[in-house]
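Residue-level listing of the chains:
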Amino acid sequence: MLAALIVLAVVVFVVVFTLWRTVRVIPQAHAAVVERLGRYQRTLNAGMTIVVPFVDKVRPLIDLREQVVSFPPRPVITEDNLGVEIDTVLYFQVTDAKAASYEIADYLAGIEQLTGTTLRNVIGSMTLEQTLTSRDEINGQLRGVLDEATGKWGIRVNRVELKAIEPPASIREAMEKQMRADRDKRAAILTAEGTKQSQILEAQGSKESAILKAEGQKQAAMLQAEGQSKAIETVFKAIHDGDADPKLLAYQYLQMLPQIAQGDANKIWIIPSEFTDALGQLGSAIGSRNSSAPKEISSGDEKA
């Protein structure tokens, strides 16, 4: 009985082990290469499949999803003989499990070495300034070269990114000084532009203020002249309507002479000929009044 039980246990174990080697389940987004007697037989895709036990050998699973690998900093030399260290990040995807298994022993190591050599070639044809400002161009060149070289390995390079570009410390210090000088220059230019605009606005304000003052003085002078004109016209009309005699006109003329003489511009005053006529008429009028007054007094005394 004991021997039978042992034999039964061994049979069950062999059957279970055989079934385990026969039925294989491949996860989603993975693939496996099957070798039969040492040669490639087929590629297993996602799902359950059956292989010939002890004859077919299933190689380790290959991940078909897009993978991201970051490579350590690599020293490269630019066209102007300046050394920089560049970190790269690579996005790739295995598209052919058979080629990835048989065309290259270790595709990750191959991609890393190919990235380093390609990066040296690309950066070697650029100056430091071009390297710092042309990341998209460098990424495009790297992706093109890597995708073409890894195509026969069953790998598609989707994207290459430069994670960091580290120039030497002396170059970084010089670049910082240059950036500070550029910022100071822009600040000085902005300050000068502000001062210029302020002076222009101030000059425009002064100009507009002077124009407004001149316009105000002009309007005031015009209004004053118009008022004087109206007043003269009114006086003239009143005199004309009242039919004033020459004596009254001469008296009014004498009253207006001081006003005519006022003003800073009247340094020399020429007496017109009408002034003497007015004085003569006024004098004759005053003389005739004075001569008539004693006669009335004398006649009064005589009457008394």
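These numbers were taken from a predicted model, which means no experiment stands behind them. (Residues numbered from 1 in each chain as written. Predicted model: local features only at pLDDT ≥ 70, side-chain atom pairs only at ≥ 80, totals over all residues. Heavy atoms only, no water.)

Participant: What should I look at first to understand helix 5 (residues 135-150) in this one?
Facilitator: Helical periodicity: at 3.6 residues per turn, an α-helix aligns residues three or four positions apart in one direction. Compared with an ideal rise of 1.5 Å per residue, which puts 16 residues at 22 Å, helix 5 spans 22 Å between its outermost C-alpha atoms and is within 8% of the ideal. Along helix 5, the residues that are buried comprise I138, N139, L142, L146 and T150. Seen along its axis, helix 5 keeps its buried residues to an arc of 95 degrees; they face one direction. Helix 5 presents D136 and E148 as exposed residues on the side facing more than 90 degrees away from its buried surface. Where the residues of helix 5 are buried, they touch strand 8 (83-94), helix 3 (107-124), helix 4 (128-133) and strand 9 (155-166). (Helix = DSSP H or I, 4+ residues; strand = E, 2+ residues; numbered from the N terminus. Expected span 1.5 Å × (residues − 1). Buried < 20%, exposed > 50% of the residue type's maximum accessible area, 1.4 Å probe, protein only. Arc of directions from axis to C-beta. Contact = heavy atoms within 4.5 Å.)

Participant: Which parts of the structure should I look at to understand the environment of V33?
Facilitator: Considering the arrangement of structural elements, one finds V33 in strand 2 (residues 30-36). Each C-alpha atom, one on V33 and one on Y102, is 10.0 Å from the other, the two residues being 69 residues apart in sequence. Not counting chain neighbours up to four residues away, the residues in contact with V33 comprise Y40, R42, T43, K57, V58, R59, A97, K98, S101 and Y102.

Participant: How do you make sense of the nonpolar core when you look at a structure like this?
Facilitator: Nonpolar side chains tend toward joint burial in soluble globular proteins. Ranked by internal contacts, the top residues of the largest apolar core, which has 32 residues, are I86, L90, Y107, I111, L119 and I138. Mapped by element, the contributors of at least two residues to this core are strand 2, strand 7 (67-77), strand 8, helix 2 (97-102), helix 3, helix 5 and strand 9. When residues in this core are grouped by element, the largest group, six residues, is from helix 3. The contact partners of L119, leaving out residues within four places of it in the chain, are V76, I86, T88, I138, L142 and L162. Counting residues in each nonpolar core, the second largest holds six residues, with I26, A32, V34 and L44 among its members. (Core = buried A, V, L, I, M, F, W, Y, C linked by side-chain atoms within 4.5 Å.)

Participant: Any chance you could explain the packing of aromatic side chains here in plain terms?
Facilitator: Remark: the centre distance and the inter-plane angle together describe each pair of aromatic rings, the angle taken between the planes. Taken as a whole and assessed by the stated rule, the structure comprises two aromatic pairs. Aromatic pair Y40 and Y102: ring centres 5.9 Å apart, planes at 80 degrees, arrangement edge-to-face. Residue Y40 is located in strand 3 (residues 39-44), and its partner Y102 is located in helix 2; the two are separated by 62 residues in the primary sequence. The class for Y102 is partly exposed, based on a relative accessible area of 36%. Here F92 and Y107 contribute two aromatic rings whose centre-to-centre distance is 6.2 Å and whose plane-to-plane angle is 70 degrees, an arrangement assigned as edge-to-face. Of the two residues, F92 is situated in strand 8 and Y107 in helix 3; the sequence distance between them amounts to 15 residues. No difference in accessibility class separates F92 from Y107, as the two residues are buried. (Phe/Tyr/Trp six-rings, centres within 6.5 Å; stacked < 30°, edge-to-face > 60°.)

Participant: Help me understand the sheet that holds strand 7 in this model?
Facilitator: Pairing between sheet strands relies on hydrogen bonds along the backbone, with the strands arranged either parallel or antiparallel. Spatial strand order, 7-8-9: three strands in an open sheet with antiparallel pairing. Only two strands of the sheet have a single neighbouring strand rather than two, namely strand 7 and strand 9. Strand-to-strand, the axes of this sheet are offset by a mean angle of 25 degrees, without reference to chain direction. In terms of strand pairing, strand 7 meets strand 8 through nine bridges, oriented antiparallel. Each residue of the ladder has a partner; that of R74, found in strand 8, is I86. The strands touched by helix 3 are strand 7, strand 8 and strand 9; relative to strand 7, the strand with the most contacts, the crossing angle is about 40 degrees. (Pairing = 2+ DSSP bridges. Axes fitted to C-alpha atoms, helices over the stretch in contact; angles between N-to-C directions.)

Participant: It is not clear to me how the environment of R74 should be interpreted in this structure. Could you clarify?
Facilitator: If you trace the backbone, R74 turns up in strand 7. Spatially, the C-alpha atom of R74 lies 6.6 Å from that of D87, the residues being 13 residues apart in sequence. Look past the residues within four positions of R74 in its chain and what remains in contact with it is V84, E85, I86, E112, Q113, G116 and R120.

Participant: How should unusual backbone geometry be read in this particular structure?
Facilitator: Leaving glycine aside, a negative phi is the common case for residues, and trans is the common case for peptide bonds. A positive phi angle, close to 65 degrees, is found at A29, a residue other than glycine. Tracing the backbone shows A29 in the loop between strand 1 (23-26) and strand 2. For A29, a relative accessible area of 23% translates into the label partly exposed.

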